[in-house]
Amino acid sequence: MWPKSPKRRGASPRADRGRRMALFAALLGLLGLGCPRLDMYDQARYETQEASSVFPDGAASQRAPEGTVARGTLREDRVLYTGTIDDSTFASVLPLALNRAMLERGRERYGIFCAVCHDAAGSGRGMVVRRGFKQPASFHEARLREQPVGYFFDVITNGFATMPAYAAQIDAFDRWAIVAYIRALQLSQNLELETLTPETRREIESALRDAERAASGATSEEAH
């Protein structure tokens with residue numbers, strides 16, 4: 001057991017109680033000094049859709065003046081933001097400069113948002129289709145190869161049939177990057193070998209021979 005502390009001579013119980021109360025009050029004062037002010041957290045403000053007597057219509061939330069545009073949302077370039085030239089004509093030319101960086105960005109975004117349905121080659125046999133989802137059309141059908149680039153931008157923006165709209169998930173610049181990559185996919189599957197440069201043709205033919213040899217080797221191993 002801990003030894004009892006000796007009682008001080010001449011200290012009455014009332015005096016001890018008074019000292020304890022004084023110490024307790026001092027501690028409360030120190031705690032009070034440490035409490036932050038909540039004026040900015042609990043400031044007087046109107047909540048969303050709250051009534052107000054300040055405005056004639058009695059609503060605290062006011063509409064922006066007619067004709068105003070939020071900073072960074074002015075969309076004067078119709079082709080860039082809609083993929084259309086007018087109400088009945090899709091754009092036939094990309095509104096952005098086509099380069100390798102754009103195609104790389106399009107390939108990345110396509111892999112994230114599109115390949116799950118359209119597959120990596122664009123034939124419409126993505127993973128969700130193999131799990132029972134409705135199969136989309138192949139990008140390599142003649143009907144889609146002949147569509148202008150604005151058509152694909154419009155479909156990504158607004159959706160089509162069972163495909164949802166992706167305007168909220170993919171900004172306009174990335175949508176055009178995806179469209180450019182879709183065009184590259186279409187060319188890759190429908191390009192005549194004779195139109196390629198001799199160097200590119202040799203590279204493709206070499207890759208095809210390597211693939212055939214690899215396939216033959218796998219077949220031989222399975223036979224054994």
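Described below are features of the structure shown in this document. Here the structure is a predicted model, which is why all the values come from computation and not from measurement.

### Section: the layout of surface pockets
Looking at the largest pocket, its volume works out to about 570 Å³. Considering the residues around the largest pocket, the lining is formed by 24 residues, among which His 118, Pro 136, Val 155, Phe 160 and Met 163 are closest to the centre. When residues of the lining of the largest pocket are traced back to their parent elements, those giving at least two are helix H4 (115-118), helix H6 (142-145) and helix H7 (149-158). It is H7 that provides the largest number of residues to the lining of the largest pocket, a total of four residues. Its residues assigned to classes, the lining of the largest pocket shows 19 nonpolar, three polar and two charged. As a volume, the second largest pocket reaches approximately 160 Å³. Taken together, Leu 187, Ser 188, Leu 191, Leu 196 and Ile 204 make up the lining of the second largest pocket. Across the lining of the second largest pocket, the residue classes break down as four nonpolar, one polar and no charged.

Conventions we followed
- Residues numbered from 1 in each chain as written.
- Predicted model: local features only at pLDDT ≥ 70, side-chain atom pairs only at ≥ 80, totals over all residues.
- Heavy atoms only, no water.
- 1 Å grid on protein atoms, 1.4 Å probe; cavity = no way out; pocket = protein on both sides within 12 Å on 5 of 7 lines; lining within 4 Å.
- Points joined across faces, edges and corners; volume = space filled by probe spheres on them.
- Helix = DSSP H or I, 4+ residues; strand = E, 2+ residues; numbered from the N terminus.
- Nonpolar A, V, L, I, M, F, W, Y, C, P; charged D, E, K, R; others polar.

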